[in-house]
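Examination of the molecular architecture
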Amino acid sequence: MNFPYTTLSGIPKDTKRPLVPIKFIHKDKSTLPILSLVDSGADYSYLTMEVANLLEIDLSQVKFEKSYGINGSAFLCYPARITIEIGGHRLDIPVRFSNQLNTPFKCVLGQEDFFSKTIIVFERYKWNLDIKVVDN
C-alpha cells in the first residue's frame, strides 16, 4: 500500500508527514479513518483519550503507566489492545491512551507490534510511504 506524504500547514511551517488513514476498532465500535503519524522513533502506538471515548473503552480499572517523550518528559498513559484497519488489513496491536499527548495528531503509530507485522519503507526522497502487511 502506497501512501503519499501529507502536507500540513503551519506545523511549524508547511511540511509533509508520513500520515496514513487508520480505522480503530474495539469490540463492536469503530472510528472513521483517522490520519495517523507513522513514527519509527516511537516505541508504542499512542492515541488520545478522544479515540478511547469514541470506541467506548473503559479505562477506569486500568493501571496507568509512565511513558517518555523525545525530550525525556514523562506523561501518563493507559495500556490497551485494539484492532486497527489499514488498507483493508486488520492488525491487533498494543496501544497507550493518554490525555497528555503533546502532538497535533490523534494517533502516533510506533514500533511495538505495528512494525513487527508490517514492512514499512519510508521513501522521503519521493514523498511516499510504502506499507505491506506480513503474514504471521
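Residues numbered from 1 in each chain as written. Predicted model: local features only at pLDDT ≥ 70, side-chain atom pairs only at ≥ 80, totals over all residues. Heavy atoms only, no water.

Take the nonpolar core next. Core analysis: the biggest nonpolar cluster contains 28 residues, and Val 20, Phe 24, Phe 97, Phe 114 and Ile 131 have the highest contact counts within it. Of all the secondary-structure elements, those providing two or more residues to this core are strand S4 (19–26), strand S6 (34–38), helix H1 (49–54), strand S9 (74–86), strand S10 (89–98), strand S11 (107–109) and strand S13 (128–133). Sequence-distant contacts of Phe 97, defined by excluding residues within four places in its chain, comprise Leu 47, Thr 48, Met 49, Val 51, Ala 52, Ile 57, Leu 59, Leu 76, Cys 77, Tyr 78, Ala 80 and Ile 82. (Core = buried A, V, L, I, M, F, W, Y, C linked by side-chain atoms within 4.5 Å. Buried < 20%, exposed > 50% of the residue type's maximum accessible area, 1.4 Å probe, protein only. Helix = DSSP H or I, 4+ residues; strand = E, 2+ residues; numbered from the N terminus. Contact = heavy atoms within 4.5 Å.)

With that settled, consider the environment of Glu 50. With respect to the helices and strands, the residue Glu 50 is situated in helix H1. Along the sequence, Glu 50 and Asn 99 sit 49 residues apart, while their C-alpha atoms lie 8.0 Å from each other.

Within a sheet, neighbouring strands are paired by backbone hydrogen bonds and run either parallel or antiparallel to one another. A sheet is described by the order of its strands in space; here 3 strands give the open sequence S1-S13-S12, paired in antiparallel fashion. Unpaired on one side and paired on the other, strand S1 (2–4) and strand S12 (118–123) mark the two borders of the sheet. The average angle at which neighbouring strand axes cross in this sheet is 15°, direction not considered. As defined by bridge partners, S1 adjoins S13 across 3 bridges and the pair is classed as antiparallel. Bridge pairing in S13 links Pro 4 to Asn 128. (Pairing = 2+ DSSP bridges. Axes fitted to C-alpha atoms, helices over the stretch in contact; angles between N-to-C directions.)

It is worth spelling out the pairing of S12 at this point. Regular strands place their side chains on alternate faces of the sheet. Pairing geometry for S12 and S13, over 6 bridges, is antiparallel. The residue of S13 that forms the bridge with Ile 120 is Ile 131. A loop of 4 residues connects S12 with S13, the two strands running antiparallel in sequence, and Trp 127 in this loop sits at a positive phi of about 55°.

Moving on, we come to the packing of aromatic side chains. Counted according to the given criterion, the structure contains 4 aromatic pairs. Centroid distance Tyr 5 to Trp 127: 5.5 Å. Interplanar angle 70°. Geometry classified as edge-to-face. With Tyr 5 in the loop between S1 and strand S2 (6–8) and Trp 127 in the loop between S12 and S13, this residue pair connects regions lying 122 residues apart in the sequence. Residues Tyr 46 and Phe 75 carry aromatic rings whose centres are separated by 5.5 Å and whose planes lie at 65° to one another, so their mutual orientation is edge-to-face. Here Tyr 46 is found in strand S7 (residues 45–48), whereas its partner Phe 75 is found in strand S9, with 29 residues between them in sequence. Taken individually, Tyr 46 and Phe 75 each receive the classification buried, so the pair is uniform in this respect. (Phe/Tyr/Trp six-rings, centres within 6.5 Å; stacked < 30°, edge-to-face > 60°.)

A positive phi is found at Lys 27, a non-glycine position, where the angle reads about 55°. Within the secondary structure, Lys 27 is located in the loop between S4 and strand S5 (29–30). Of note, the phi angle at Asp 113 is positive, near 70°, even though the residue is not glycine. For Asp 113, the location among the structural elements is in the loop between S11 and S12.

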